[in-house]
Amino acid sequence: MGSQHEALIADLRETARQIRVNVLRIAGMSDCHTGGSLSIADLLAGLYFHAMRVDPKQPDWDGRDYFVLSKGHCVPALDAALALRGFFPVEALTTHLEPGSIISGHACAHLTPGIDASTGSLGHGLSVGLGIALGVRIDRGANRVFVMLGDGELQEGSNWEAAMAAAHHKADPLVAIVDRNHYQTGPTEDMMALEPLAEKWTAFGWAVRCIDGHDMEQIVEALDALPFEPGRPSLILADTVKGKGVSFIETHHMAHFNAEQLEAALAEVGAGAVRHG
Amino acid sequence: MAKPFGEVMVELAEQDPRICGVSCDCWGFIAPLSERFPGRAIEVGIAEQNLIGVAAGLAVRGKIPFALGMNPFVTMRCFEQIRTDLGYGRRNVKVIGAYGSGLMYAGWGCTHHAMEEVALMRLIPGMTVFMPADGYETEQAVRAAAAIEGPCYIALAGGELPGQPPEDQRRFVPGRAVRLREGSVATVMACGPTVVDAIRAGELLAERGLAVTVLDMHTVKPIDRKAVGEAAATTPLIITIEEHTVIGGLGSAVAEILAEAGSATPLRRLGLQDVFAIMSGSHADVKREHGITAEAIVAEVMGRVGA
């Protein structure tokens, strides 16, 4: 049992590393939100390779768990996770900006297999996730709904409308994950303070768990414990580092790589050992 | 007699398990649905953005949600959610302006004037926009919207238009104007709450021996292009009337068609002339002040015929 668990954790860490490598490849081709994509790599590995029930062969499978990337600008990480999970070939990731590509600059449900909701404007995803959860309840389904929120995004008031309604409707299949990477275009707490953040969610009626969003043990433990309380939506407040894995872009809003920097970034995440397909 | 919205919802929900309702403080409209199918009616409180997001999510799950709010707020506060989550998302959601179409809440002040509802909804690719004029058309629009795959907007209306045949002899075809009166002097086009003004103008002009065509444009998008083209070809003047700013609404939709067709037929757009209706008074007072009346239509026609 212990060794099985260790193997799982090691596997998920390797998957997260591969997500990072592919994010950097996308970043090497065009401007993208690299920092916020790298900060959710570990969480996405835990979701798509451990917690979520999905079938890459049938992206619209009725029994799937749903995922909404409310911070839709970090789609490179989601695209990488979906490709690695088998929704489409990994080679497609490096076609961004090419006409006919299935890779979009923000999450696009029309173009990319496995994406349920098009996002990009902040503050939309939690409401959509709640709607999916309430639809599942009508069907008496067992599907769960995961919504990834940015921390700066929480400055949009619409999130709190959704937070209030989710608790009111006791939507316990709904799980929100806050990627608390502390940066928007500048330091989040300086620009518009969110603290005390865990207390805000608790006050809104959510069952809250705080974790280190880069510690795979903690990620798996939290995902395995869902729902944290029956009758309450669950909130994972994941403390993360923007640009995690590439020391020289940590805290950067958008990273622009030249060829030399890209090589250095790839070296930091150990791109030498990349698995293809 | 037309059925109330709540009863129509129950009927539609019985026929199609995907039908559900979401309310932004409009619970009365979907309470019958809730009684019949608990769980398929959802209240989100006074929160338009969440209303539309939740409806979009229900549609992701394959439902056909009717999302209700008060007209000015359900079209403006959550415009981006409608544009992005419903329009771009191509979600099968029916946005319902449950009360307060046009200048209905005239005396309550400009915050409550839905003077942009048509313009905003018309902007969104793939959105069908219904402006029914009475209870019959409202019921028909609701049924039509349920059958349309894609986002729709309906500004609910009640009552009964004057001088109509029994309901079983009326017809409501989405995208097709209803000809309420025939005449060659001018064509008057109205939608929603101004159809009654257009009918009245037709009567007043008839008393003076002037026969005008009156068109009820209950579907503003997709608009009945054929009817507009015919009006331009067969009458020397077109007048649009709406409880709406003249920018972006019915008058604009008609102007776009006429201009692109190279029509020389003059067009007069009655409505709010790029102003807020800042005044105290009744619905009738505000309409009179801003020239959105049967009398204003009559004056336009008389001016043109030189009578």
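Residues numbered from 1 in each chain as written. Chains lettered and ligands numbered in written order. Predicted model: local features only at pLDDT ≥ 70, side-chain atom pairs only at ≥ 80, totals over all residues. Heavy atoms only, no water.

Chemist: Looking at this structure, how should I read the overall build of chain B?
Modeler: Tallying secondary structure elements over chain B gives 12 helices and 12 strands in all. Its C-alpha radius of gyration of 19 Å places chain B within 12% of the 19 Å reference for a compact globule of 307 residues. The principal-axis extent of the C-alpha atoms belonging to chain B is close to 60 × 40 × 35 Å. Evaluated residue by residue, chain B yields a buried proportion of 61% over its 307 residues. Long-range contacts, defined here as pairs at least 24 residues apart, represent 74% of the contacts in chain B between residues at least 6 apart. Carbon and sulfur atoms form 53% of the exposed surface of chain B, whose accessible area is close to 11800 Å². Of note, chain B has its 28 positive side-chain charges centred 6 Å away from the centre of its 35 negative side-chain charges. (Helix = DSSP H or I, 4+ residues; strand = E, 2+ residues; numbered from the N terminus. Rg over C-alpha atoms; globule rule 2.2 N^0.38 Å. Buried < 20%, exposed > 50% of the residue type's maximum accessible area, 1.4 Å probe, protein only. Contact = heavy atoms within 4.5 Å. Areas by Shrake-Rupley, 256 points an atom, 1.4 Å probe, with all protein chains shown as cover. Lys, Arg positive; Asp, Glu negative; His and termini not counted. Charge placed at Lys NZ, Arg CZ, Asp CG, Glu CD.)

Chemist: What am I meant to see in a negative patch on the surface here?
Modeler: Residues and elements named next belong to chain A. Residues Glu6, Glu217, Glu221 and Asp224 make up a contiguous surface patch of negative charge. Looking at which element gives the most residues to the negative patch, the answer is helix α9 (residues 216-224), with 3 residues. Here aspartate 224 shows up in helix α9. The exposure class of aspartate 224 is exposed, given its relative accessible area of 51%. (Patch = residues over 30% accessible without salt bridge, like charges linked within 9 Å, V, L, I, M, F, W, Y side chains within 5 Å. Salt bridge = Lys/Arg side-chain N within 4 Å of Asp/Glu carboxyl O.)

Chemist: Help me understand the interface of chain B and chain A, please; the structure alone is not making it clear to me.
Modeler: One frequent convention defines the size of an interface as the accessible area lost when the parts assemble. Across the contact, 25 residues belong to chain B and 28 residues belong to chain A. Between chain B and chain A the total buried area reaches about 2100 Å² when both faces are included, carbon and sulfur atoms providing 54% of it. The interface formed by chain B and chain A contains 3 salt bridges. Inspection of the region where chain B meets chain A yields 13 residue pairs in polar contact (both at pLDDT 80 or more). (Buried area = accessible area lost by both parts, 1.4 Å probe. Polar contact = N/O pair within 3.5 Å; in protein donor to acceptor, adjacent residues only side chain to side chain.)

Chemist: In this structure, what is going on with empty space enclosed by the protein? I would like to understand it.
Modeler: A probe as big as a water molecule, rolled over the atoms, marks out the empty space that is left. In total, this model carries 4 cavities of 30 Å³ or more according to the counting rule given. Taken as a whole, the largest cavity holds about 80 Å³ of empty space. Those elements giving two or more residues to the lining of the largest cavity turn out to be α3 (48-60) and α5 (79-88) of chain B. Of the residues in the lining of the largest cavity, the class split is 5 nonpolar, 4 polar and 2 charged. Roughly 60 Å³ of volume is contained in the second largest cavity. Lining the second largest cavity are Tyr48(A), Met52(A), Val54(A), Asp55(A), Gln58(A), Pro59(A), Arg64(A), Asp65(A), Phe67(A), Phe87(A), Gly114(A) and Asp116(A). Looking at the lining of the second largest cavity residue by residue, the class counts come to 6 nonpolar, 2 polar and 4 charged. (1 Å grid on protein atoms, 1.4 Å probe; cavity = no way out; pocket = protein on both sides within 12 Å on 5 of 7 lines; lining within 4 Å. Points joined across faces, edges and corners; volume = space filled by probe spheres on them. Nonpolar A, V, L, I, M, F, W, Y, C, P; charged D, E, K, R; others polar.)

Chemist: Whenever I open this one, the side chain of Asn92(B) confuses me. Can you help?
Modeler: Residue and element names in this part refer to chain B. Counting through the fold element by element, asparagine 92 comes out in the loop between α5 and β4 (94-99). For asparagine 92, a relative accessible area of 8% translates into the label buried. Only 2.6 Å separates the side chain of asparagine 92 from the side chain of lysine 94, close enough to count as a polar contact. Of note is the side chain of asparagine 92, whose polar atom sits 3.0 Å from the backbone nitrogen of glycine 150. With residues up to four places along the chain from it excluded, the contact list for asparagine 92 reads Ala59, Lys63, Ile64, Pro65, Ile148, Glu149 and Gly150.

Chemist: Looking at this structure, how should I read the domain arrangement of chain B?
Modeler: Residues and elements named next belong to chain B. Annotation of chain B at the domain level lists domain 1 (5-155) and domain 2 (167-305). Of the residues lining the interface, 31 residues belong to domain 1; the matching set on domain 2 comes to 37 residues. Of the roughly 2600 Å² buried between domain 1 and domain 2, counting both surfaces, carbon and sulfur atoms make up 63%. The largest contributions to the domain 1 side of the interface with domain 2 come from Met115, Arg122 and Tyr136, which together make up 29% of the buried area. Joining domain 1 to domain 2, the criterion identifies 3 salt bridges. A salt bridge links glutamate 256 to arginine 122, with the nearest nitrogen and oxygen atoms 2.9 Å apart. At the junction of domain 1 with domain 2, the criterion picks out 16 residue pairs in polar contact (both at pLDDT 80 or more). Looking at the side of domain 1 that touches domain 2, the elements that each hand over two or more residues are α6 (117-122), β5 (128-130) and α7 (135-147). With 5 residues, the single largest contributor to the side of domain 1 that touches domain 2 is α7. (Domains from an automatic or database assignment.)

Chemist: Honestly, helix α2 (residues 27-36) of chain B in this entry has me stumped. Any pointers?
Modeler: Counting along an α-helix, one turn takes 3.6 residues, and residues three or four places apart therefore face a common direction. Restricting attention to buried positions, one finds in α2(B) the residues Ile30(B), Ala31(B), Leu33(B) and Ser34(B). Where the residues of α2(B) are buried, they touch α1 (5-15), β1 (19-23), β2 (41-43) and β3 (64-70) of chain B.

Chemist: In this structure, what is going on with the sheet that holds strand β11 (residues 238-245) of chain B? I would like to understand it.
Modeler: Residues and elements named next belong to chain B. Ordered by their spatial adjacency, 5 strands build an open sheet running β7-β9-β8-β11-β12, and the pairing between neighbours is mixed. Each edge of the open sheet is held by one strand with a lone partner, namely β7 (178-181) and β12 (267-272). Neighbour-to-neighbour, the strand axes of this sheet turn through a mean angle of 25°, independent of strand direction. Both strand β8 (residues 187-190) and β11 contribute to a ladder of 4 bridges, which runs parallel. Pairing of methionine 189 across the sheet is with threonine 240, part of β11. Contacting β8, β11 and β12, helix α12 (residues 294-305) crosses the sheet at an angle of about 155° to β12. (Pairing = 2+ DSSP bridges. Axes fitted to C-alpha atoms, helices over the stretch in contact; angles between N-to-C directions.)

Chemist: Any chance you could explain the environment of Leu272(B) here in plain terms?
Modeler: Residue and element names in this part refer to chain B. Note on placement: leucine 272 falls in strand β12. Spatially, the C-alpha atom of leucine 272 lies 9.7 Å from that of glutamate 289, the residues being 17 residues apart in sequence. Setting aside its immediate chain neighbours within four residues, leucine 272 contacts Leu103, Met115, His244, Thr245, Val246, Ala277, His290 and Ile292.

Chemist: Hey, could you run me through the pattern of salt bridges in this one?
Modeler: Once the charged atoms of two side chains with opposite charge are near each other, the side chains can pair. Residue and element names in this part refer to chain B. A full pass over the atoms with the stated rule returns 29 salt bridges over all chains. The partner of arginine 143 in a salt bridge is glutamate 139, with the nearest N and O atoms 2.9 Å apart. Placement of the pair is arginine 143 and glutamate 139 together in helix α7, with a separation of 4 residues, close to one helical turn. Taking the relative accessible area as the measure of exposure, arginine 143 reaches 22% and is therefore partly exposed. Note on glutamate 139: relative accessible area 11%, which makes it buried.

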